[in-house]
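# What the coordinates show
If you want the building blocks of each chain, they are given just below.
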Amino acid sequence: MSRTDAPPLPEPLRVPVADSHTHLDMQDGTVEEGLARAAAVNVTAVVQVGCDVKGSRWAAETAAAHASVHAAVALHPNEAPRIVHGDPDGWSRQEGREPGGRAALDEALAEIDALAALPHVRAVGETGLDFFRTGPEGVAAQEESFRAHIEIAKRHGKALVIHDREAHDDVLRILAEVGAPERTVFHCYSGDAGMARVCAAAGYFMSFAGNVTFKNAQPLRDALAVAPAELVLVETDAPFLTPAPYRGRPNAPYLIPVTLRAMAEVRGVDEDTLAAAVYDNTARAFDF
């Protein structure tokens, strides 16, 4: 079995559940095939997340065409500095880009704002801060973009989906400074139990991905154990973060049962109870 082969379909869940964060546009096969595989294991809804203007347009169009798909639109935290300062190495899959400056960022944000007004767009995200891949020169653009996305989410009454990588304190600080939207989701939650308590006190949803199954992820499992049942979501972030024992192979929404069963074990509840709660939480978070 090659590490590039798709993992097998897991045993279906008995209770429907939703994948709160996926990237169908980065996965192999058609959208229809991906949704059919997910439905076969009782993953009946997915949130398709945009990371740039082009991907956000695609997310909105795909949600309009498929009842089980809900769109989130945004400029990823790493996208904002590339718009402002350029991307000569083409890392963002858009060839080499020249610096566009503040005007280009404003133009991109205006397009996200327009997409956020659409009824099948349920969230603004993934936005936030990422200090892992962006150096000090890009932090200002990230923070400006994050604040703009928060304002867009609040103005349109949409959920906010946060990407937070090695930036916990600053993400929480900005949310506190400007006021978080009514529904705020920490996608691929990466904090510890202490941060989970802070998020819980603020009413922020915490979405757990396949990395909660990794051997070195005990702090994530500790956070999951203390997160209130009404604030827990599950996601794939596919094609990334494939759960054990398939780590390193392509991820997709149909693998949600693997992660959900591991989460149920951590929380000491049966999978049906967790699946029902997670579905309700996701529908509430994204208003579908």
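Residues numbered from 1 in each chain as written. Predicted model: local features only at pLDDT ≥ 70, side-chain atom pairs only at ≥ 80, totals over all residues. Heavy atoms only, no water.

Let us now look at helix H2 (residues 53-65). In a regular helix each residue adds 1.5 Å, so 13 residues correspond to 18 Å; H2 covers 19 Å between its end C-alpha atoms and thus fits that length. Considered for burial, the residues of H2 that qualify are Val53, Gly55, Ser56, Ala59, Ala60, Thr62 and Ala63. (Helix = DSSP H or I, 4+ residues; strand = E, 2+ residues; numbered from the N terminus. Expected span 1.5 Å × (residues − 1). Buried < 20%, exposed > 50% of the residue type's maximum accessible area, 1.4 Å probe, protein only.)

It is worth spelling out the pairing of strand S4 (residues 121-130) at this point. In terms of burial, S4 is largely enclosed, as nine of its ten residues are buried. Both strand S3 (residues 69-73) and S4 contribute to a ladder of three bridges, which runs parallel. Paired with alanine 71 across the two strands is valine 121, which belongs to S4. Inspection of the sheet shows S4 paired to strand S5 (residues 159-165) by six bridges, in the parallel sense. By the bridge assignment for S5, alanine 123 is matched with alanine 159. Each parallel crossover has a hand, and for S4 linked through helix H5 (residues 136-156) to S5 it is right-handed. (Pairing = 2+ DSSP bridges. Right-handed = clockwise from strand over helix to strand, strands pointing away.)

Judged by nonpolar contacts, the single largest core of 82 residues is most densely connected at Val17, Phe146, Leu175, Phe186, Tyr189, Phe208 and Phe286. Looking at this core element by element, the count peaks at six residues for helix H4 (residues 101-116). Those residues in contact with leucine 175, other than ones at most four positions away along the chain, are Phe146, Ile150, Leu160, Ile162, Ala180, Thr184, Phe186 and Tyr204. (Core = buried A, V, L, I, M, F, W, Y, C linked by side-chain atoms within 4.5 Å. Contact = heavy atoms within 4.5 Å.)

Attention now goes to the packing of aromatic side chains. Counting across every chain of the model gives three aromatic pairs. Where phenylalanine 186 meets tyrosine 204, the ring centres are 5.7 Å apart and the plane angle is 35°; that geometry is what we call tilted. Linking phenylalanine 186 in strand S6 (residues 184-186) with tyrosine 204 in the loop between helix H7 (193-202) and strand S7 (205-208), this pair joins segments that are 18 residues apart in sequence. The two residues phenylalanine 186 and tyrosine 204 agree in class, both being buried. For the pair tyrosine 279 and phenylalanine 288, a centre-to-centre distance of 6.1 Å together with 85° between the ring planes defines the contact as edge-to-face. The partly exposed category is assigned to tyrosine 279, whose relative accessible area is 25%. (Phe/Tyr/Trp six-rings, centres within 6.5 Å; stacked < 30°, edge-to-face > 60°.)

Attention shifts here to the state of the cysteines. As enumerated under the stated definition, the model contains zero disulfides in all. With no disulfide of its own, cysteine 188 lies closest to cysteine 51 among cysteine sulfurs, the gap being 12 Å. By relative accessible area, cysteine 188 is classed as buried at 14%. Free cysteine: cysteine 199, not disulfide-bonded; nearest cysteine sulfur from cysteine 188 at 13 Å. According to the relative accessible area criterion, cysteine 199 is buried, its value standing at 0%. (Disulfide = S-S within 2.5 Å.)

The buried fraction of S5 is high, at six of seven residues. Here three bridges tie S5 to S6, and the two strands are oriented parallel to one another. Paired with isoleucine 162 across the bridge in S6 is phenylalanine 186. For the crossover that starts at S5, traverses helix H6 (residues 168-178) and ends in the parallel S6, the hand is right-handed.

To continue, consider the packing of H5 against H6. It is the contact of H5 with H6, at a shortest axis distance of 11 Å, that shows an interaxial angle of 45°. Between H5 and H6, the angle is such that the two are oblique. Seen from above, H5 lies across H6 with right-handed handedness. Mapping the contact onto sequence places Glu143, Phe146, Arg147, Ile150 and Lys154 in H5 and Val171, Arg173, Ile174, Leu175, Glu177 and Val178 in H6. Split by residue class, the contact of H5 with H6 holds six nonpolar, no polar and five charged. (Axes fitted to C-alpha atoms, helices over the stretch in contact; angles between N-to-C directions. Parallel < 35°, antiparallel > 145°, perpendicular 65-115°, else oblique. Left-handed = near helix turned anticlockwise from the far one by under 90°. Nonpolar A, V, L, I, M, F, W, Y, C, P; charged D, E, K, R; others polar.)

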